[in-house]
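# Close look at the chain arrangement
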Amino acid sequence: MNVMQPIGRIRGAVHENERHESGHKHVSGTAEYIDDIPEPQGTLHGYLGLSQRAHADILSIDFEAVSSSEGVIGVLTAADIPGENDISPAHKHDEPIFVTDKVEFHGQPIFAVVATSREAARRAAAKVKIEYRDLPHVTDVLEAAAANYPLVIDPLKLERGDIEAGFAKSKNILQGEMRIGGQDHFYLEGQISFAIPGEDDEVLVYSSTQHPAETQHMVATVLGVPSNAVTVNVRRMGGGFGGKETQANIFAAVAAVAAKKYRCPVKVRPDRDDDMCATGKRHDFHVDYKLGFDDEGRIEAVDAVFSARCGYSADLSGPVTDRALFHADNCYFYPNVRLRSRPLKTNTVSNTAFRGFGGPQGMVGGERMIEEIAYAVGKDPLEIRKLNFYGGEGRNLTPYHQTVEDNIIGRIIEELETSADYAKRREAVIAFNRENHVVKRGIALTPVKFGISFTKTEYNQAGALVHVYTDGSIHLNHGGTEMGQGLYTKVAQVVADEFQVDLDRVKVTATTTGKVPNTSATAASSGSDLNGMAAANAAQQIKARLTKFAAERWNVAETDVVFEPNTVRIGAERLSFNEFIKIAYGARIQLSAAGFYKTPKIHWNRSEGRGRPFFYYAYGASCSEVSVDTLTGEYQVDRTDILHDVGRSLNPALDHGQVEGAFVQGMGWLTTEELWWDAKGRLRTHAPSTYKIPLASDRPRVFNTRLAEWSVNREETIRRSKAVGEPPFMLGISVLEALSMAAASVAEYRIAPQLDAPATPERVLMAIERLRAAARQKG
Amino acid sequence: MTIQIRNTIRFLLNHRLVELADVSPVETLLDFLRIDRNLKGTKEGCAEGDCGACTVLVGRLLDDKLKYESVNACIRFVGSLDGCHIVTVDSLAQPSGPLHPVQQAMVNTHASQCGFCTPGFVMSLYGLWMENPKPSISEIEKALQGNLCRCTGYAAIIRAAEAISTIGDVGKDPLVVERERIAGELASLQDGRRVEIGSETERFILPGSVDDFAAVFEANPKATIVAGSTDVGLWVTKFMRDISPVIHLTHLEELRRITVDADGVTLGAGVSYAEAYPIIVEHFPELTELWDRIGGQQVRNMGTVGGNIANGSPIGDTPPALIALGASITLRKGDRRRTVVLEDFFIAYGKQDREPGEFVESVRIPFVSDNARVAVYKVTKRLDEDITAVCGGFTITFDAGRVTDAVIAFGGMAATPKRAANVEAALKGAEWNEDTIERAVAAFDQDFTPLTDWRASAEYRQLVAKNLLRRFYLETQSSGQIRLDRTIAVAV
């Protein structure tokens, strides 16, 4: 037995700036994505054939040219699906894999070609001849409402206080409306699945999915086999952002059906343009609002309807539109409130999850209301924000009757105002605008409060599997998926920290339904909250067994068995971790455990609109300054300062990256990213040449990001950290508000600019023209 | 003169010489790397040369000098690579050895998240670093205009780009150390022969010289001419068009000549945007910003001014400016040459003044008189790497406070790049003041009836076109800030 000095600290403990576990592989091109997996001999390729109409009856389909095309093995239609022809994640049976008699959006899958190469399959698919009979179609939210299109799912109403009485006592009442555009995920790695048939009813599917368990379930349903026949694996995705929560399912299902039918491995990977046409996006919203407020700008009553372009099916539109309502209050107390959702069907692709999951749209609506009040009472919008923050006696209840208990927005705003020098810079902006007539500037400081937990309570559970091998190396597997956010790194840090071994002793292996079952989507920012806890639980189980064993073997109290850096101290003795594990194995101690976690305290009654849907809130704020060219509407972000709350960060370097990336993505959503459908119902911005996400040169010219280092989660989350995936996305709102102020300057800040999103240069210029005309009228 | 023919193409791929006899004219470099050579480090993000995930370096010779440039492998045809050196991310670090300084910098600054765009960023930064080991932020941004990242927000990538030279010495980089040897190897591949590969629907030709090109094209007037393939590449990857027979021309050094004389500049039709850049900056500084905003760096390295003109797009980047400058082009068919004023080349949408078998051989840009003021404004949804919504080129000549001549051309306003004849007329002879400008602005409605599409509405286009003339005027008055200042100091 060695007696050794303890090593100071382990490498890669929690709270440290550990590098992404795949960083060295990303940069050298050796990180394996699904399209990089070596293809077994005989691998076939599937390609989807998409509808060329927005809404039409299919009268006939002629596959002759397809089938006779070079390299084609066969064509799959609904008739080839052995199980159910449906992958509706809402279980509404409204989402066929292949439509049979009617198409409901331009780009809807009708069939798939299977061929010896992807190129051959793709070329063949384009040769189909389909006879359609056009039906009237609707792509726009308001047109859908006007045409009495149905709702895709039951709407939600949140109500608190007395809305009529609230308006009755309001000195000022204001009504307005806002349009908020959708957003394509533009994950750099497109959708892809690769299915390898197995014995009997088995199939192994590599899928770029955020929700392997659901993909497994969908593949099983479509094949008509039990879930135990299907294994879904994913090592990493090249980006997800919500776009691979449900949208990966069809590609997995088609690959699996083809693989079983032809008894060959089958890969399905759409071209970028087809990916963007055939898969769902962030919901576009229309917000109709009525506000009551006093002369100071204090809100008395809010009544708003959030209508969403859901597309042809329910998908996740229910929870997405719910979350829009949950965030329409942002950080503000509404004494009397009624919020209603209207999830409308349209003849467009079925919209889906996207970072923030409806929350951003709700929050943009809420911030529009603040802005309206500010211009109405002639104050800096920030003053109105502060005036209406949650806090104080009787002012902590949300519209869904959850009490805000962890409010830190006041401190965040105060610190950011100081570090960004907000007041002085706002004065300078106003002075600049007085002197300059072409370029105008704007500045805005906006807050974020975002609720953490799946609102579907049962999703708030997770599993993990930890093995310690006899050489002391550790294998970690959990239900979360890696899409770049650094989840694998963080959870490995948690396990390394539990065992007090260096991080490189822990290997995280590809997420697979075969190791951890019945997992939830890696979504709702929940990845490290849920999987970190489950992995910690697994490690703790093994540690408990080891501790008990050591106490008995060395005849010491269990409290005298301590896991120290790469060693275990047992009474007065110290063993290396590896040596200790070998001894424990020899004594037949089980060195493997399945961990589990479920989030406590949460509950939600949707029909009553009451409960505690969120375990806690994450907070943040950003301050952006912009310059706008009032001749063209073009603009740039001159400076952004961010202060964001991630509780006690598991890995500040990775969290910093999440915050910066989310901000830029949120800014893109509200500025240059525009989805544009033509009169035929075709999406025409379906590739990076036409759909413009931010570039390096679009990021703020000065970009200061800080984490609120003092913040500690008051709830018992994993090491008191907070979720980081979605909340900082909404920091981008400060850019929209700053653009709005720059526009308002042309009318001396006397008229609310009502700048809709995305604020493309065109929308900015047209707002400026409208304001100039209105100012001239006012005189 | 008898032309000698070779039936293979030869190039260096990382450390190896590759010789291919059986290549499809539509095979892209990306598919060749990933499917044929199992080099999976290079990724496909968009297959249209816009996202940069497929960025590789291509080294090619000009006057025996070897230069490496970033290109989009997804729209680059393998057939165009004869005599080149292709460097992919797979060759930068050995599995057992240390990472390349560019790669190490990216790891150190947490510059990758999902990692899918990362190899492309590494290659773009590698290309920049070899040319410019200590780039400024705006130089880094320019080098990365053609690389999209959806995860990081770019700040960490910029930090990495700034740190590379603190990690490694560019003087010790293998491609720098070995430059002369590789150049020699590439030179030895150049035998002046015509390359012919395949037959019928699967045929492409690399002419042995410009004269040979003229002869080959005259004999095959239906052939598709491919220069930078930044447009033709998409005909294949997006529209799945058959383009055989293909004639490549960027390997012809004769077509990459730039000559400057007392009256102007002549660009060979194969001169890339990047190759033309120093000349543009020196002689036509008003076009610098436009040039910086053509595509991304990869597209500027591949695409040619000649191709931008020859394809006749109404939203091409260079025609409005070139028309305003009075540029002309030389067309050649066989041994016959003729010169056409650029604006006359564009007849209608999809129709140019070019006979079958005739090609654009060179572009002539004359210098403007000392009394003339030139401006070019490109307006887009996103500032960089975006296609024109409205682009206006202006050359206005003054004498004693009056306009003596005005040439104004717009892209994005009509079916072709088109002059604003009525606006010009309203300006000519008039005093240079606000009243004149407003009278001229009204004439835009006579000159243009733009369309609405996903880039902009008709209303916006018309208003912006008018405002660009107003801007031109304001810039002669210089009062306050009238352009966005993209050079604001960036602290990352």
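Preceding block: the structure.
For clarity, every value in this text was computed on a predicted model and none was experimentally measured.

## Section: the nonpolar core
Residue and element names in this part refer to chain A. Grouped together as the largest cluster of nonpolar side chains are 350 residues, with contacts concentrated most on Val254, Ala255, Ala256 and Leu739. Considering each element in turn, this core owes the most residues, 10 residues, to helix H7 (residues 249-262). Beyond its immediate chain neighbours, meaning those up to four positions away, Ala256 contacts Ala195, Val203, Val205, Val219, Val222 and Leu223. Judged by nonpolar contacts, the second largest core, of 45 residues, contains Leu503, Val568, Phe577 and Leu650.

## A closer look at the pairing of strand S11 (residues 230-234) of chain A
Residue and element names in this part refer to chain A. The buried fraction of S11 is high, at five of five residues. When strand S10 (residues 203-207) meets S11, the two strands line up parallel, connected through four bridges. Looking across to S11, one finds that Leu204 is bridged to Thr231. Considered for its hand, the β-α-β crossover made up of S10, helix H6 (residues 212-223) and S11 is right-handed. Two elements, S11 and strand S20 (residues 511-512), share two bridges in a ladder whose sense is antiparallel. Pairing of Val234 across the sheet is with Thr511, part of S20.

## Some details on the interface of chain A and chain B
At the interface, 72 residues of chain A touch 71 residues of chain B. The set of elements that each furnish at least two residues to the side of chain A that touches chain B consists of helix H1 (23-28), helix H8 (272-278), strand S27 (616-629), strand S28 (635-644), helix H17 (652-670), strand S29 (702-707) and helix H19 (761-778) of chain A. Take the side of chain A that touches chain B: its biggest share by element is eight residues, from H17(A). Its residues placed into classes, the side of chain A that touches chain B shows 27 nonpolar, 26 polar and 19 charged.

## Some remarks on helix H9 (residues 317-326) of chain A
Residue and element names in this part refer to chain A. Counted residue by residue, H9 has 10 buried out of 10 residues, so it is predominantly covered. Listing the buried residues of H9 in full gives Ser317, Gly318, Pro319, Val320, Thr321, Asp322, Arg323, Ala324, Leu325 and Phe326. Looking at the buried side of H9, the elements it contacts are strand S7 (157-160), strand S13 (285-293), strand S14 (299-311), strand S15 (336-345), helix H10 (359-377) and strand S16 (439-452).

Reading the values: the criteria
- Residues numbered from 1 in each chain as written.
- Chains lettered and ligands numbered in written order.
- Predicted model: local features only at pLDDT ≥ 70, side-chain atom pairs only at ≥ 80, totals over all residues.
- Core = buried A, V, L, I, M, F, W, Y, C linked by C-beta atoms within 7 Å.
- Buried ≥ 20, exposed ≤ 12 C-beta atoms within 10 Å, placed from the backbone.
- Helix = DSSP H or I, 4+ residues; strand = E, 2+ residues; numbered from the N terminus.
- Contact = placed C-beta atoms within 7 Å.
- Pairing = 2+ DSSP bridges.
- Right-handed = clockwise from strand over helix to strand, strands pointing away.
- Nonpolar A, V, L, I, M, F, W, Y, C, P; charged D, E, K, R; others polar.

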